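# Breakdown of the fold
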Amino acid sequence: MVIDLDKCTGCMACSVACQAENNISFRVDETDKLRSITWMEIYKLENGKDYPEYQFTYLPRPCMHCDSPHHSPCTFVCPVNATTRDENNGIVTHIVPRCIGCRYCIVACPYHARDFNWWDPTWPKPMEQMLSPEVSTRMRGVVEKCTFCHQRLLKARTRAYHEGQDPNTVTYNPACADACPTKAITFGNLMDAQSDVAKLAKDPRAFRILAKLKTEPKVYYLSRYQWVHKLSDNA
Amino acid sequence: MSFSRRAFLFTAGAIGGTLFTPLPWKLVDDSAIWSQNWRWRPSPQRGEITKAPSICTLCDGGCGIQARLVDNKRAILIEGTPSHPVNRGGVCALGAAGLQFVYASYRISQPLKQTKKRGETAGFQPVSWDEALKEIGGKLNRLHTENRANSLAGIISNRPSSMADLWTQFFKSCGSPNLFRMPDHSDSLVLASSLMTGRASAPVFALERASYVLSFGASLLEGRDSFPRNQSAYAQWRQQGSGKLIQIESHCSLTAAKADRWIAAAPGSEAALALAIAHVLIKEKAYDADFMSNAVFGFEDWADVQGKARKGFKSYVLEACAPEQMAGITGVDPAMIREIAKEFATHKNALVIWGSGSASHPNNIYHDLAFMALNILKGNFKADGLMMIQPAIPLAPMPEVQLDAGAQSSLQKPRLDLAQAKNTLMAGNAVYPFLDAVVKGGIYPIEMLWVDECNPAHSLLEPQIFETALTKISTLVSFSSYMDETAQMADWILPAPTALERYDDVMGIPGAPFAYYAISAPVLPAPAGNRHAGDVVLSLAKAVGGNVQGSLPWPDFQSFLKARVAGLAESAKGAVAESADIQLGKLKPGESPKTNFTSGDKLWEKLVAGACWYDAPVDPMMSLATTSGKVELACQKLQATGLDAAQDTIYLPHYAPLAPSGSETEFPLLLVGYETQILSIQYLPNPPFLTKMLPDTLLKGNDLLVQVHPKTAQPLGLNEGDQAKIKTPQGELSVRVHLTPGSRPGVVYAAQGLGHEAYDEFIKGKGVNVNRITEVQLDPVTGLGTTWATRAQLVRA
Amino acid sequence: MDQALIPEGLKRCPLPVFGLWVLVLLAIIGWGVYAGAVVLLQALNVTGLNDYFGFGFYITIDLAIIALGAGAFFSGFLYYALSRYFPALKELHKIINLAVIVGFVCYTGALAVLLLEIGQPLRGWFGYWHPNVHSMLTEVIFCISCYAIVLIIEYVPIVFENRKLDAIKSVHIFGHTLHELMAIFALTGTFLSFFHQGSLGGVAGVLFARPFAYRTGFFVWPWTFFLFILSAIASGPAFTALVCRAMEAVTRKKLVDRSVYELLARIVGGLLLFYIILKIIDTLYWGLVMAPEFGLSLADFYKAPYGMWLLIAEILICGVLPAIVLNIPQARKSDAIVFGAFFLTCTGIVINRFVMTIQAIAVPVMPFDRWQVYVPTVYEWAPGIAMLAYCVLVISLSYRYLPLFPREKQLNAT
Ligand SMILES: Nc1nc2c(c(=O)[nH]1)N[C@H]1C(S)=C(S)[C@@H](COP(=O)(O)OP(=O)(O)OC[C@H]3O[C@@H](n4cnc5c(=O)[nH]c(N)nc54)[C@H](O)[C@@H]3O)O[C@H]1N2
Ligand SMILES: Nc1nc2c(c(=O)[nH]1)N[C@H]1C(S)=C(S)[C@@H](COP(=O)(O)OP(=O)(O)OC[C@H]3O[C@@H](n4cnc5c(=O)[nH]c(N)nc54)[C@H](O)[C@@H]3O)O[C@H]1N2
Ligand code: SF4
Ligand code: SF4
Ligand code: SF4
Ligand code: SF4
Ligand code: SF4
Ligand SMILES: [Mo]
């Protein structure tokens, strides 16, 4: 995935679409941001200057689906293999019914991409009607995170299979990329040198967050501002 | 010993043996299952998943959407339509959360009648539609037969639609002049444009063709107006590196932060800055001199109808608006003003846009004129210029209203606010003067107020005015689908289906030069207890009968829409957009597409399938209707209204700020309300999906955080997150403070859209409603309620 | 009244006094159990944990108590395995029962707290069913639960030595049989224990995306793996000695010969010195080589309230200082110095476990993250305190009814 921060206006449509697509629960008070479940978190980065030189930019952060050799930081530590990386497609999945809620993966992930279900997820009765049957609802005491809309991949693969095409070559778009009104999010196969994402990842504006940790995130960002590049890693 | 060894082995064996029975395995397996199947964890029902197309009407952006349905019974997701040329698959956060309105717990499922004191939710009794319509129809009939229909008033949404036209038709045919829309920036723009061009159409802007956009405080990116189009225009500038955006605003708003350059100017001084730039352009002869001399009236000095010599725009600006003269007002270095002016002059496709902080408030008309003047200096009203006027949609016109004698006599009474107002020169959508007149007791009483798709009790500035006015009105009828603040105070609620359950249309996109029309078809069936306000209006018209019925001859709202679309088809203008590749924003006047529909039915079919109709912009110069036949920088029409002022500037765009009330010593700060992209500020409250996204620097617990500069907070002894009281001449609110270097020292910024007292626990009681302490100032020319800042005091709590 | 249960020839306080003491402990335990029940029923939202602090008080106290409980396996190792070669270690015989009990209570207590810590306790056994061999936590789950079983097996024969139980023939023989096998269990325990003390260190050390915690290492084990083993075996005996000393103070009796304490002081002193040297090397390498590779400096890791004082307290005051004094023979002659040094050693290890758990995640990793402070709630420390009360209770009961100290009778013969 590549997210163009120059285009992104922080409208948060991506994050809201993700909530709707993935049956993410919400509570009456969501102002404790350290306990709020948001798979696509929108960070506000500031340039540190005073009025009127002050500037900020938004940075949407899904799971980075870290590509570090052998294991992602989170999959390495999960004692029960509830979160694993599918080496065929690179997606770091999370099997909710297997998660024991030890939160070791939360501790391991430097991007805060993982959220714990501190409460029983409940919906106001009428809103249960808008829950998608394509994504299972979670239960209290387990962790969850962005799955790169794994269910959409499975659907695309199933369709390809039925249409007699090779399921391994399908492309799809996650809900956030679909929703983005500025087309700031590009999604595709980084391994395919011809794909838009592979090309954008080589753009001079491209960078990754915390590159020095060698987590090899599969989410790239684009920005024309040096101060944003600087904020992406410890100097 | 041997026995005991056996005992030892036996014990060990027993433990081991149990492990080979199914018992422990069954238990552990069950434990995993129990831990997934708590009864309160919902399991969504599976079913066939399909997509149903429509057009979103949650704002006037006109996005094509698709609802994902399960078994055609319930909707689970709203997505953008990839082939729609306005949003190309994108949506906004509100649209993506749109289903949370359909499945809201605060929806009203059937007509309600207040049986106790107003405002007591326990007093609402469900009634049948027949009963409700009989009683309300009876009241209406009485007013009508007694020639007092002028005592019926209405406040409706400001979204342009056929429903609004239907309301207008209905009110007129009944004989009431008192129909208002919720305030909007277009209210003042339309009047400004009518002064300059003679046409009551708001100016519109070709953002997509601009290479340099000078924005004077327009909430381009955070505003709801024209959201998808603004976002994609912005994305296009970034994608192609083709557009430079300069934002002039007092604080680092989202648009300011995303702009190529942010120029921090004092709040409310944007027009002064625009005039200073005009000064530089004129002085440096960097304006479109041809256009000014051939097509513009009042640039040079002029003589009025009495033959009196009047100063023109050029003389005024040269004399009074030098950057140095304006520096004190704007707080912007004259050198920087000159630099911006120079950039503006050198870019061929430079455009000026503006807002009044928030798109939901009308602006000071002279300031609207000043920004338009800057565009005109640039020649932007020329055929390929970047400013045009909003095109009309050639729908079937509404039939001529047939007035019966009663209606005629009640229509002879002036609109309530106009009967009262001494100064108002132009009759705009003057909601505030109307409410003031109700409060003060006008020349006639308002007995019944109908409110449709808006929530004045919360989203008007100074909603107290509305509340006070209500005490003088005996019957309030709300057509709201939701138990909002206004509905809560209603005597009757006639709930409409929600946006996704009914027919509606979108007539044009605010600020967009191209013509746009779309039908929003229902994707879900309407619940039995809800009725379309259009159908209710039509059945009430039928009940009144006579000429009222004759003026509204359609059996139901859907047929009315169909009839309008048939007219559009007959006009044989424009085309249906069938692909996202159509660059609507790049169309120039005269570049009309080839019509691609053959009949009204065919067009209807395409439109209800989610496609939109579009046409090229109109050339503003071809439709001028001024006395001079030119664009009037000196607004002669003002003189026709009876204004005969000694000062020549009265006719010219000039800097005319309205001083906020209250003393500067008591209220040393300024309070400015601002719009954010994640707070719905008008009819719709914030759905939980959006509220979740609010940063904890804006809402913490139930506290709203106002944004102040550390330099403002420090002398007040306020630290990050501290509780405070903010007081203005209008009232006082409890808040907390967030310190940010993005705020202008001396100014307090408060987000609009919070502080609801209705709906459910996900909305009610979160933050405070800053509208309550914001001062509305009536524009002396138009009577429209404007705002730019309110004097305020901030103290530790 | 309970005279019949009390080991022959030993004096214990009157039953009502003891009963009162037990009641107090039970009250504290009840309070903790109530808090634990609330956590289980209402979920972890009642704690101070959040998505920033995924680990908190529970893990810290578990790590600390398990390190301090290491006296059991290490004393066992020294006694059962090494005393053949180093006869001086035979002295440990005098305190080995206590060491086992301390280990037993620490481990079982820790397991109970661990059950609260995971969000889905009913799925706790998934660690066996779907093990991830790369996860240090898998190792921890395996080793701790296995070792807890070993400790139970080690504790049972001690329980069977109770006068009344021992009188039952089958129990006597069963206990005796177990006793014969004790060396095997002790060595199994030692293996498991070495491993999981290390794995607990590995829990932090393998977090390769957390610069504060991450360490390079040897083969699959990060250096923290070895440091945790060393620190545990250094502090475990110190803790056992402190417990014993505390019991002496409470009972106003001599329970072991001073020579035992002196032996322990030598052992602890030696190990601690070795540990602290490695720890300093590790800290220097981490602060001066690894941190800069991540674009950080040592100063970035410390900010109030998690200031540099933690580093100074842990390494200098609670590490270097006791390591030095315990290695000075004259200093070992003074009870005050020996037990003071033991106390510092244990404190240092607790600080270390705290730092590697909580501070490790308080430090922002993304430059635009904000420092956060973790404040545990009563629902966290109540079960923690109850767990300590449980330890005290079991030790009290064991002391009263079991012949823990072979030399007690002689030492207190007056
Ligand atoms: N694309 C896709 N395919 C899948 C899956 C997926 O996720 N995606 N999931 C797979 C899995 S895990 C499963 S278990 C299968 C389920 O696949 P199926 O076993 O086919 O499940 P259903 O379609 O739910 O039920 C089968 C039929 O049983 C009928 N039925 C219900 N109760 C009774 C009864 O008491 N007696 C009788 N005789 N009939 C009854 C129902 O009306 C229905 O027609 O699908 C598999 N296939
Ligand atoms: N409403 C309703 N509920 C049902 C049923 C039903 O028909 N209707 N069917 C029941 C039946 S028969 C079943 S089997 C269960 C299924 O229940 P679940 O197993 O909960 O179903 P899923 O949501 O399909 O898959 C669980 C998770 O696995 C992830 N996942 C998918 N593929 C992979 C993969 O390749 N690797 C990894 N690591 N993760 C993957 C998904 O992203 C998802 O988060 O549901 C049961 N519940
Ligand atoms: S971002 Fe975090 S959760 Fe996602 S793969 Fe990387 S470590 Fe795991
Ligand atoms: S919380 Fe769940 S996914 Fe995360 S490490 Fe523990 S078991 Fe694995
Ligand atoms: S990829 Fe899917 S799951 Fe991930 S943030 Fe986007 S919408 Fe959410
Ligand atoms: S939807 Fe697009 S523009 Fe909006 S916040 Fe997400 S990435 Fe940014
Ligand atoms: S921008 Fe307006 S029309 Fe488009 S999705 Fe959002 S609310 Fe609907
Ligand atoms: Mo299944």
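Please refer to the structure higher up on the page.
Residues numbered from 1 in each chain as written. Chains lettered and ligands numbered in written order. Predicted model: local features only at pLDDT ≥ 70, side-chain atom pairs only at ≥ 80, totals over all residues. Heavy atoms only, no water.

### A look at the overall build of chain C
What chain C contains, in helices and strands, is 15 helices and 2 strands. The C-alpha atoms of chain C give 22 Å as radius of gyration, which agrees with the globular expectation for 414 residues (22 Å, within 12%). Along the three orthogonal principal directions, the C-alpha set of chain C runs to about 70 × 55 × 35 Å. Counting only contacts in chain C whose residues sit at least 6 apart along the sequence, the fraction spanning at least 24 positions is 81%. As presented, chain C carries roughly 16,300 Å² of accessible surface, and 74% of it is formed by carbon and sulfur atoms. Across chain C, the 26 positively charged side chains and the 22 negatively charged ones have centroids separated by 8 Å. (Helix = DSSP H or I, 4+ residues; strand = E, 2+ residues; numbered from the N terminus. Rg over C-alpha atoms; globule rule 2.2 N^0.38 Å. Contact = heavy atoms within 4.5 Å. Areas by Shrake-Rupley, 256 points an atom, 1.4 Å probe, with all protein chains shown as cover. Lys, Arg positive; Asp, Glu negative; His and termini not counted. Charge placed at Lys NZ, Arg CZ, Asp CG, Glu CD.)

### Re the interface of chain C and chain A
With 50 residues of chain C at the interface, the matching set in chain A holds 54 residues. Both faces considered, chain C and chain A share a buried interface measuring about 4,500 Å² in area, 60% of it formed by carbon and sulfur atoms. Three residues, C:Asp51, C:Phe208 and C:Phe368, lead the burial of chain C against chain A; their summed loss comes to 17% of the area buried on that side. For the interface between chain C and chain A, the tally reads 1 salt bridge. A:Arg103 is the partner of C:Glu117 in a salt bridge, and the nearest nitrogen-oxygen pair spans 2.6 Å. (Buried area = accessible area lost by both parts, 1.4 Å probe. Salt bridge = Lys/Arg side-chain N within 4 Å of Asp/Glu carboxyl O.)

### Here we look at a nonpolar patch on the surface
Residue and element names in this part refer to chain C. A cluster of nonpolar side chains, Leu 273, Phe 274, Ile 277, Leu 278 and Ile 281, forms an exposed patch at the surface whose accessible area comes to about 430 Å². Here Leu 278 is to be found in helix H10 (residues 258-293). Classification of Leu 278 by relative accessible area gives partly exposed; the value is 31%. (Patch = residues over 30% accessible without salt bridge, like charges linked within 9 Å, V, L, I, M, F, W, Y side chains within 5 Å. Buried < 20%, exposed > 50% of the residue type's maximum accessible area, 1.4 Å probe, protein only.)

### As for the packing of aromatic side chains
In this structure the tally under the stated criterion is 68 aromatic pairs over all chains. Aromatic side chains C:Trp286 and C:Phe301 sit 4.9 Å apart centroid to centroid with 10° between the ring planes, which places their arrangement in the stacked category. Linking C:Trp286 in helix H10 with C:Phe301 in the loop between H10 and helix H11 (309-326), this pair joins segments that are 15 residues apart in sequence. Both residues of the pair, C:Trp286 and C:Phe301, belong to the buried class. Here C:Tyr306 and C:Phe354 contribute two aromatic rings whose centre-to-centre distance is 6.2 Å and whose plane-to-plane angle is 40°, an arrangement assigned as tilted. Of this pair, C:Tyr306 sits in the loop between H10 and H11 while C:Phe354 is found in helix H13 (residues 335-362), placing the two residues 48 residues apart along the sequence. By relative accessible area, C:Phe354 is classed as partly exposed at 23%. Pairwise contacts between aromatic rings join C:Phe191, C:Phe195, C:Phe218, C:Phe219, C:Trp221, C:Trp223, C:Phe225 and C:Phe226 into one cluster. A cation sits over an aromatic face here: B:Lys378 above B:Phe344, 5.5 Å from the ring centre. Above the plane of the ring of C:Tyr399 lies C:Arg12, whose end atom (NZ or CZ) is 3.7 Å from the centre. (Phe/Tyr/Trp six-rings, centres within 6.5 Å; stacked < 30°, edge-to-face > 60°. Lys NZ or Arg CZ within 6 Å of the ring centre and 35° of its normal.)

### Here's the deal with the sheet that holds strand S10 (residues 220-222) of chain A
Residue and element names in this part refer to chain A. Spatial strand order, S8-S1-S10-S9: 4 strands in an open sheet with mixed pairing. Two strands lie at the open edges of the sheet, namely strand S8 (185-186) and strand S9 (206-207), each paired on one side alone. Taken together, the 3 bridges between strand S1 (residues 2-4) and S10 define a ladder with parallel strand orientation. For Ile 3, the partnering residue across the bridge sits in S10 and is Tyr 221. (Pairing = 2+ DSSP bridges.)

### Observations concerning the interface of chain A and chain B
Facing 70 residues of chain A, the contacting portion of chain B comprises 74 residues. Overall, the association of chain A and chain B removes approximately 5,700 Å² of surface from exposure, summing both partners, and the carbon and sulfur fraction of that is 60%. Between chain A and chain B we count 5 salt bridges in total. With a shortest N-O distance of 3.0 Å, B:Arg68 and A:Glu21 are connected by a salt bridge.

### Some points on the nonpolar core
Counting 381 residues, the largest nonpolar core has B:Phe216, B:Phe313 and C:Phe342 as the members making the most contacts within it. Excluding its chain neighbours within four sequence positions, the residues that come into contact with C:Phe342 are C:Ala238, C:Ala241, C:Leu242, C:Tyr261, C:Leu264, C:Ala265, C:Val268 and C:Leu326. Grouped together as the second largest cluster of nonpolar side chains are 55 residues, B:Trp129, B:Cys174, B:Ala541 and B:Phe560 included. (Core = buried A, V, L, I, M, F, W, Y, C linked by side-chain atoms within 4.5 Å.)

### Quick look at the pairing of strand S29 (residues 731-739) of chain B
Within a regular strand, side chains alternate between the sheet's two faces. All names here are of chain B. By the bridge criterion, 4 bridges tie strand S27 (residues 703-708) to S29 in an arrangement that is parallel. The partner of Gln 707 across the bridge, within S29, is His 738. Note that strand S28 (residues 723-728) and S29 share 6 bridges and pair antiparallel. Opposite Gln 723, over in S29, you have Arg 736 as the bridge partner. Connecting the antiparallel pair S28 and S29 is a turn made up of 2 residues.

### A short note on the sheet that holds strand S19 (residues 492-493) of chain B
All names here are of chain B. On the basis of which strands lie adjacent, the open sheet formed by 7 strands has the order S5-S4-S19-S18-S17-S6-S7 and mixed pairing. With one partner strand each, in any of the chains shown, strand S5 (124-126) and strand S7 (178-181) form the two edges of the open sheet. Of the strand pairs in this sheet, strand S6 (residues 152-156) and S7 are connected by 4 bridges, and their pairing is parallel. Paired with Ile 156 across the strands is Arg 181, a residue of S7.

### Considerations on unusual backbone geometry
Residues A:Tyr51 and A:Pro52 are joined by a peptide bond in cis, for which omega reads 0°. Residue placement: A:Pro52 occurs in the loop between strand S2 (41-46) and strand S3 (56-61). Each neighbour pair has its own omega, and for C:Ala304 with C:Pro305 the value is 5°, a cis peptide bond. With respect to the helices and strands, C:Pro305 occurs in the loop between H10 and H11. Even without being glycine, A:Leu210 reaches a positive phi, approximately 55°.

### Points about empty space enclosed by the protein
Residues and elements named next belong to chain A. Inspection of every chain in the model, using the stated rule, returns 18 cavities of 30 Å³ or more. Of the volumes computed, that of the second largest cavity is approximately 110 Å³. Lining the second largest cavity we find 14 residues, and of these Ser 25, Arg 27, Ile 37, Asn 117 and Trp 119 sit closest to its centre. (1 Å grid on protein atoms, 1.4 Å probe; cavity = no way out; pocket = protein on both sides within 12 Å on 5 of 7 lines; lining within 4 Å. Points joined across faces, edges and corners; volume = space filled by probe spheres on them.)

### Topic: the environment of B:Ala659
Residues and elements named next belong to chain B. Along the chain, Ala 659 turns up in the loop between helix H26 (636-640) and strand S25 (669-674). According to the relative accessible area criterion, Ala 659 is exposed, its value standing at 61%. Taking the C-alpha atoms as reference, Ala 659 lies 9.5 Å from Arg 791; in sequence the two are 132 residues apart.

### A closer look at the pattern of salt bridges
Following the criterion strictly, the structure yields 61 salt bridges over all chains and no others. Its salt-bridge partner being B:Arg736, residue B:Asp703 comes within 3.4 Å of it at the nearest N-O pair. Remark: B:Arg736 occurs in strand S29 and B:Asp703 occurs in strand S27; sequence separation between them is 33 residues. Between C:Lys94 and C:Asp257 there is a salt bridge whose closest N-O contact spans 2.9 Å. Pair noted here: C:Lys94 is in the loop between helix H3 (71-82) and helix H4 (96-117) and C:Asp257 is in the loop between helix H9 (223-251) and H10, with a separation of 163 residues, a long-range link. A single burial state applies to C:Lys94 and to C:Asp257, both of which are buried. Salt bridges sharing common partners tie together A:Glu21, A:Glu134, A:Arg152, A:Lys155, A:Asp178, B:Lys51, B:Arg68 and B:Glu79.

### Some details on the pairing of strand S18 (residues 475-478) of chain B
Residues and elements named next belong to chain B. Side chains Thr 475 and Val 477 project from S18 onto one buried face, and the interleaved Leu 476 and Ser 478 project onto a second face that is buried too. Across 4 bridges, the pairing between strand S17 (residues 448-452) and S18 is parallel. Considered in S18, the bridge of Trp 450 is made with Val 477. Examined bridge by bridge, S18 and S19 share 2 bridges and lie parallel to one another.

### Remarks on the site of ligand 2
Ligand 2 sits among A:Thr84, A:Thr93, A:His94, A:Ile95, A:Ser136, A:His150, A:Leu154, B:Pro44 and B:Arg46. The local environment of ligand 2 is shared, drawing residues from chains A and B. Taking A:Thr93, its side chain carries an N or O atom lying 2.6 Å from a nitrogen atom of ligand 2. Starting from 900 Å² of accessible surface for ligand 2 in isolation, the protein chains cover 46%. Looking at the shell around ligand 2, the elements with two or more residues in it are strand S5 (92-94) and helix H4 (150-162) of chain A. Here the shell around ligand 2 is composed, by residue class, of 3 nonpolar, 5 polar and 1 charged. (Near = heavy atom within 4 Å. Polar contact = N/O pair within 3.5 Å; in protein donor to acceptor, adjacent residues only side chain to side chain. Nonpolar A, V, L, I, M, F, W, Y, C, P; charged D, E, K, R; others polar.)

### What to know about the packing of H4(C) against helix H6 (residues 136-160) of chain C
A pair of packed helices can be characterised by two numbers: the angle between their axes and the separation between those axes. Residue and element names in this part refer to chain C. Contact pair H4 / H6: the axes reach a minimum separation of 9 Å and the direction vectors enclose 140°. When the axis of H4 is compared with that of H6, the two are oblique. Of the two elements, H4 crosses H6, and the hand of that crossing is left-handed. Counted together, Asn 97, Val 100, Ile 101, Gly 103, Phe 104, Tyr 107 and Leu 111 of H4 and Ile 144, Ser 145, Tyr 147, Ala 148, Leu 151, Ile 152, Glu 154, Tyr 155 and Ile 158 of H6 form the full contact between these two elements. The residue inventory of the contact of H4 with H6, partitioned by class, reads 12 nonpolar, 3 polar and 1 charged. (Axes fitted to C-alpha atoms, helices over the stretch in contact; angles between N-to-C directions. Parallel < 35°, antiparallel > 145°, perpendicular 65-115°, else oblique. Left-handed = near helix turned anticlockwise from the far one by under 90°.)

Nothing here speaks to function; it is all geometry.
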